[in-house]
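Structural description and commentary
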Amino acid sequence: MNLGKQFKEGLITNNPVLVQVLGMCSTMAITTSFFNGLGMGLAVLVILTLSNVIISAIRKIVPDKIRIAMFIVVIAGFVTMVDLLIQAFLPDLAKSLGVFIPLIVVNCIILGRAESFSYKNGVVASFFDGIFQGFGYTVVLLIMCIIRELLGAGTFGGGILGPVNAAGTHMGIQIIPSQFPIGMLTLPVGGFLVLGTLIAAMQWALSKSKNKEESK
Amino acid sequence: MSSEVKTKEKVNMDPKYIAKLAITLFVTCVVVAGLLGGVNAITADKIAAINWENTQKAMKAVVAEPDSAEFSEALENTEAMVSAAKSAGGSLDSVYEVLVNGEHAGYAIKVVASGSQGSIEMMVGVDAENAVTGVSIVDNSETSGIGSKVMANDPLPSGVGVLDQFIGKSAADGTLTVGSNVDAISGATVSSKGVTTGVNTALAVAGAIG
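Please read all numbers here as calculations on a predicted model, not as lab measurements.

Attention now goes to the overall build of chain B. Helix and strand counts for chain B stand at five helices and five strands. Helices and strands appear in chain B in the N-to-C order α-α-β-α-β-β-β-β-α-α. A burial count over chain B gives 32% of its 210 residues as buried. The long-range share in chain B, meaning contacts at least 24 apart out of those at least 6 apart in sequence, stands at 57%.

And the structure:
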């Protein structure tokens, strides 16, 4: 077990979104305001960590043939718990994330890590894998939120900062005057554009650092 | 279990192995269901309270006297109400009786109509004479910057909010139609039509109550 390496993998070299290209649906759909990205990222982090630990703990007693079914039961259980808790204690977040919380059940990051990591590794390693992979996911969501919100609506910190509108939501701090932003970026198509650009930048950076290592 | 199971896998129908799989899955499901039951017991009341509070907030926005109005629990949706809603083009979610100082003062009717990007959930208030007292949007997924103008009650060229123009309308005005007795926000005709259908639905339901 190597914590530093695991951390680097989760955040950069094996980032769940930018390198493994998992969990696209939620990444594209909810990254329109800072609060959404933070809430979704943390929800996935918590569920991923819990399910990783449990799956790792039961990996020796689960018959191989039904492991996927077991994974899904465990994951669905945690997702439903988190969903209920968010609805009860963070109603604003529940309202803006809507159906995407229950959909974490089929978020490939969680099933992917269960199958490729926690089913083969110990409880402690799986715990940290959950935290680091979840953290990598959260960071990418936040970057996308900041880009899309700033360029698409001209604001920063929507959902937690700034003036409150009639519906009781914080509108974010206006940084770019409201007639200039590219409204398209807050629409689904903007999600594709921003994500594509980020993945390309990531691949470029990774191949560059690889070349450097080889030339040494 | 490993080597033994592998030889038996060829047979594939070994009852012991299948029973083991079934029991493992069953036990897991029971444990998970038990835990969920526990979490649900903690959160159910709280979620119901939050939902009721939101519904009340939406209802207060559509009645004539929000400060003194009180609301009943949801009334039973009768066959007549549901079919009236259907024939007006929308669907009925629930009806709440509005009471001012304990006396009947109309209904708050939650209806669903289709907009340009999915359904629009809206609350329509009617007074005791079944004339509209207010319209508010509970939930929608209309296009940001276009249909969202209708949802946000943006003013029409006449200066009246697009949702406020329905105030005072009743079944006596006939079926409300965009272009004849309802104005649309330019560029957002489909969303305006959706809202209009919603109001028609609510009026039809109000007419079918009692």
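A tally of regular secondary structure across chain A gives eight helices and two strands. Starting at the N terminus and walking to the C terminus, you meet the elements of chain A as α-α-α-α-α-α-α-β-β-α. Here the C-alpha atoms of chain A give a radius of gyration of 18 Å, agreeing with the 17 Å that 2.2 N^0.38 yields for 216 residues. The dimensions of chain A, computed from C-alpha atoms along their principal axes, are 60 × 55 × 25 Å. The burial tally for chain A puts 39% of its 216 residues in the buried class. When contacts within chain A are restricted to residue pairs at least 6 apart in sequence, those whose partners lie at least 24 apart make up 73%.

What follows deals with the pairing of strand 4 (residues 119-126) of chain B. All names here are of chain B. Among the eight residues of strand 4, six are classified as buried, and the element is accordingly described as predominantly covered. The turn linking strand 3 (residues 103-114) back onto strand 4 is made up of four residues, and Gly118 within it adopts a positive phi angle of 140°. Pairing of strand 4 with strand 5 (residues 132-139) involves six bridges; the strand directions are antiparallel. Across the sheet, residue Val126 finds its bridge partner in strand 5, namely Val132. Taking the residues between adjacent antiparallel strands as the criterion, strand 4 and strand 5 are bridged by five residues, where Asn130 takes a positive phi near 65°.

All names here are of chain B. Spatially, five strands are ordered 1-2-3-4-5 in an open sheet, and the strand pairing comes out antiparallel. Each of the sheet's edge strands pairs with one partner strand only, and the pair in question is strand 1 (69-74) and strand 5. For this sheet the average axis-to-axis angle between neighbouring strands, irrespective of direction, equals 25°. With four bridges connecting them, strand 1 and strand 2 (residues 91-100) associate as antiparallel partners.

Turning our attention to the pairing of strand 3 of chain B. Each regular strand shows side chains that alternate between the opposite faces of the sheet. Residues and elements named next belong to chain B. Counting buried residues along strand 3, nine of its twelve residues qualify, which places the element largely inside the surrounding structure. As paired elements, strand 2 and strand 3 share eight bridges and run antiparallel to each other. By the bridge assignment, Ser91 is partnered in strand 3 with Val112. The turn joining strand 2 and strand 3, which pair antiparallel and follow one another in sequence, is formed by two residues; a positive phi near 50° is taken by Asn101. Two strands pair when backbone bridges link them, and strand 3 and strand 4 are joined in this way by eight bridges, in the antiparallel orientation. Opposite Ala113, over in strand 4, you have Ile120 as the bridge partner.

So, on to the packing of helix 3 (residues 34-58) of chain A against helix 7 (residues 123-153) of chain A. Residues and elements named next belong to chain A. Two numbers describe how helix 3 lies on helix 7: the axes approach to 8 Å, and their chain directions differ by 165°. Our classification of the angle between helix 3 and helix 7 gives roughly antiparallel. The two elements helix 3 and helix 7 meet at a crossing, and its hand is right-handed. Looking at the contact of helix 3 with helix 7 residue by residue, the classes come out as 19 nonpolar, eleven polar and two charged.

Residue and element names in this part refer to chain A. Look at helix 3 against helix 4 (residues 67-89): their axes get within 10 Å of each other, and the N-to-C directions meet at 145°. By crossing handedness, the relation of helix 3 to helix 4 is classed as right-handed. In contact with Ala43, Val46, Ile47, Leu50, Ser51, Ile54 and Ile55 of helix 3, helix 4 contributes Phe71, Val74, Ile75, Phe78, Val79, Val82 and Ile86. Among the residues making up the contact of helix 3 with helix 4, the classes are represented as 13 nonpolar, one polar and no charged.

Turning our attention to the nonpolar core. Residues and elements named next belong to chain B. Residues Ile109, Val111, Val124 and Val205 are the most contacted members of the largest nonpolar core, which totals 45 residues. Of all the secondary-structure elements, those providing two or more residues to this core are helix 2 (15-60), helix 3 (79-87), strand 2, strand 3, strand 4, strand 5, helix 4 (147-151) and helix 5 (189-208). Residues in contact with Val111, not counting those within four places in the same chain, are Ala85, Gly90, Ser91, Leu92, Asp93, Met122, Val124, Gly198, Thr201, Ala202 and Val205.

What follows deals with the confidence of the model for chain B. Confidence in the prediction of chain B, expressed as mean pLDDT, is 83, and 94% of residues score 70 or more. On the interface metric, ipTM, the complex scores 0.71, and its pTM is 0.73.

The rules behind the values
- Residues numbered from 1 in each chain as written.
- Chains lettered and ligands numbered in written order.
- Predicted model: local features only at pLDDT ≥ 70, side-chain atom pairs only at ≥ 80, totals over all residues.
- Helix = DSSP H or I, 4+ residues; strand = E, 2+ residues; numbered from the N terminus.
- Buried ≥ 20, exposed ≤ 12 C-beta atoms within 10 Å, placed from the backbone.
- Contact = placed C-beta atoms within 7 Å.
- Rg over C-alpha atoms; globule rule 2.2 N^0.38 Å.
- Pairing = 2+ DSSP bridges.
- Axes fitted to C-alpha atoms, helices over the stretch in contact; angles between N-to-C directions.
- Parallel < 35°, antiparallel > 145°, perpendicular 65-115°, else oblique.
- Left-handed = near helix turned anticlockwise from the far one by under 90°.
- Nonpolar A, V, L, I, M, F, W, Y, C, P; charged D, E, K, R; others polar.
- Core = buried A, V, L, I, M, F, W, Y, C linked by C-beta atoms within 7 Å.
- pLDDT = per-residue confidence, 0-100.

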